[in-house]
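A closer look at the structure
What follows is each chain in one-letter form.
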Amino acid sequence: MTPAAAADPARHTAPSATVKSLRTRLRDPRLRPVVEKVAEGRRLLREDGRLLYETTDLHAVCGLADLVRRRLHGDLAFYNVNRHINYSNVCALRCSFCAFRRRRDEEGAYEMDIPRIVEEAVRSADAGATELHIVGGLHPYLPFDHYLGMLRAIREAAPQVHLKAFTAVEIVHLQRVSKRGREGEAGLRAVLEDLRAAGLGSLPGGGAEVFDDRVHDAAFKGKIRAEQWLEVHRVAHEIGLNSNATMLYGHVETREDRLTHLEVLRREQDRTLAGWAAAQGIARDGDAVVLTGPAERHPRARLPHPGAAGLDGGYFQTIIPLPFFPDGSDLGHLPGPSGLENLRTLAICRLMLDNVPHVKSFWIMQTLPMAQLQLAAGADDLDGTVVWYDITHVGGASTHQEVGVDDLRRAAREGGFIPVERDTIYRRVERFGPTGRDWRSIEPTAS
Ligand code: V47
């Protein structure tokens, strides 16, 4: 074993033993070919996804997802120290699934001004946060310069903190308010470049919802459609920003729609990773880039740009399945997904999205006990300490929703995992100094 392998606990798993035990414990024989495909690192097809949804052998589904997650990340469970800032809930859209949005004159509407946001950023940095996750509604009046000023002010006051900000629909809104709406892709690129110059470090995965026109029109008419969401992320990747992707499920969509959503993301990531995979010597099956690990064989931090020397490229780092919470939304009559559906859907995300390195169980929406369970069903990331979260209030939670690092680490350890603090682009974080508030990111050695 090389010294690097010895130092990396992710290397110490034995997938062949896992495959054997999966084979012998299968209760649904229809899953046999799926087990073989997963064991061989081959891509699953739509009908495999259907079967994973239909089968009553949920243990097998979770076991298969666990195999894939261990092949990529071994026993590691990632978390980060972050803060979410929802700068305003004023939104021009009326998405029926959303309980967060308000009209400007409506009770409960708020806007945080820049000094207030900076104050929160400094408080977060002082508490050791490595990331600010900044999103809000589509504010009808704020000019583009306001957003640039916000990023610059935070950057100046808290220079080390990574700014993961603005979902794709906010970026399209910013393109419009910057008067570059008619410039098409060039305008979009210019907006993203301006935001990056002001301090933007990556894009969060929000607003993807479910890529289907019927669902779009029923639950979030007015929001951008799949093609536009994907275009924003593609251009962000081209200029070197990493991003994430979400899937909001358990409302008016079908399981079939979810599989479509995952296939669309998978196709886009195949395209994004093609140059990198060729340079890495990763064999492709047609256009498919299947990531089977170990850590050296999945993209980490940023990609070397396939075309231009010295430039970075971005990619989808993480899929985040978000269970729908009906409370307070116009779809309040719907039941929302069950615990088993949450477990199964996350496992299926891991299995179908074979080219996205990470699967996040966002504890705020999944709850921490469910997130802990999901670490053994495909998830490798718990998101972070969060503190303030205003988009959903699961089980009547207040906006103050915080867990400590100790809680996240304990949740991982209790499941037999090794907790690892990461930064936004999945570099390991090393803490130092007397209080543990000082930190540095460790660049991966090979990619
Ligand atoms: O885009 C809104 C969803 C998203 C509801 O990128 C709802 O690391 C459930 O995108 N029930 C925002 N979900 C959250 C998000 C996210 C979270 C954590 C990490 C990352 C990341 C991204 O929340 C929205 C929308 O899809 N949402 N309302 C609801 N009632």
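Residues numbered from 1 in each chain as written. Predicted model: local features only at pLDDT ≥ 70, side-chain atom pairs only at ≥ 80, totals over all residues. Heavy atoms only, no water.

The next point concerns the pairing of strand E9 (residues 316-323). E9 sits mainly inside the fold: eight of its eight residues count as buried. Pairing geometry for strand E6 (residues 242-249) and E9, over seven bridges, is parallel. Looking at the pairing, Asn244 lines up with Thr318 of E9. Across two bridges, E9 lies against strand E10 (residues 358-359) in parallel orientation. In the strand pairing of E10, Ile319 is matched with Val359. Traced from E9 through helix H13 (residues 339-352) to E10, the parallel crossover comes out right-handed. (Buried < 20%, exposed > 50% of the residue type's maximum accessible area, 1.4 Å probe, protein only. Helix = DSSP H or I, 4+ residues; strand = E, 2+ residues; numbered from the N terminus. Pairing = 2+ DSSP bridges. Right-handed = clockwise from strand over helix to strand, strands pointing away.)

An order of E11-E1-E14 is seen for the three strands of this open sheet, with the pairing classed as parallel. For this open sheet the edge positions go to strand E11 (381-384) and strand E14 (418-421), each flanked by a neighbour on one side alone. The mean inter-strand angle of the sheet, taken between neighbouring strand axes irrespective of direction, is 25°. The strands touched by helix H16 (residues 405-414) within the sheet are strand E1 (76-80), E11 and E14, with E1 carrying the most contacts at an inclination of about 165°. (Axes fitted to C-alpha atoms, helices over the stretch in contact; angles between N-to-C directions. Contact = heavy atoms within 4.5 Å.)

Turning next to the nonpolar core. Membership of the largest hydrophobic core comes to 127 residues, with the highest contact counts inside it found for Phe166, Leu195 and Trp229. No other element matches helix H5 (residues 58-73), which puts nine residues into this core. Those residues in contact with Leu195, other than ones at most four positions away along the chain, are Phe144, Leu148, Leu151, Phe166, Ile171, Leu174 and Leu200. (Core = buried A, V, L, I, M, F, W, Y, C linked by side-chain atoms within 4.5 Å.)

The subject of this paragraph is the confidence of the model for the protein. When pLDDT is averaged along the protein, the result is 91, and 95% of the positions lie at 70 or above. Here residues 1-14 scores under 50 on pLDDT; set against residues more than four positions off or in separate chains, the count is 21 contacts. (pLDDT = per-residue confidence, 0-100.)

As a structural note, the neighbourhood of the ligand is formed by 23 residues, with Lys164, Gly205, Gly207, Glu209 and Lys360 the closest of them. Taking Gly205, its main chain carries an N or O atom lying 2.7 Å from an oxygen atom of the ligand. The protein chains hide 96% of the 610 Å² of surface that the ligand would expose on its own. Contributing elements (two or more residues each) for the shell around the ligand: E6 and E9. In terms of residue class, the shell around the ligand is built from 12 nonpolar, seven polar and four charged. (Near = heavy atom within 4 Å. Polar contact = N/O pair within 3.5 Å; in protein donor to acceptor, adjacent residues only side chain to side chain. Areas by Shrake-Rupley, 256 points an atom, 1.4 Å probe, with all protein chains shown as cover. Nonpolar A, V, L, I, M, F, W, Y, C, P; charged D, E, K, R; others polar.)

On to the pattern of salt bridges, then. Any two side chains of opposite charge can pair if their charged atoms end up close together. Per the stated rule, a full pass over the model turns up 40 salt bridges. Where Asp354 meets Arg43, a salt bridge forms, and the shortest distance between an N and an O atom there is 2.7 Å. A residue pair is termed long-range when its members are at least 10 positions apart, and Asp354 in the loop between H13 and E10 and Arg43 in the loop between helix H3 (32-39) and helix H4 (46-54) qualify at 311 residues. Across the pair Glu421 and Arg431 runs a salt bridge, and its minimum N-O distance is 2.6 Å. Linking Glu421 in strand E14 with Arg431 in strand E15 (residues 428-432), this pair joins segments that are 10 residues apart in sequence. Connected through salt bridges with shared partners, the residues Arg46, Arg50, Glu256 and Glu263 form a single ionic network. (Salt bridge = Lys/Arg side-chain N within 4 Å of Asp/Glu carboxyl O.)

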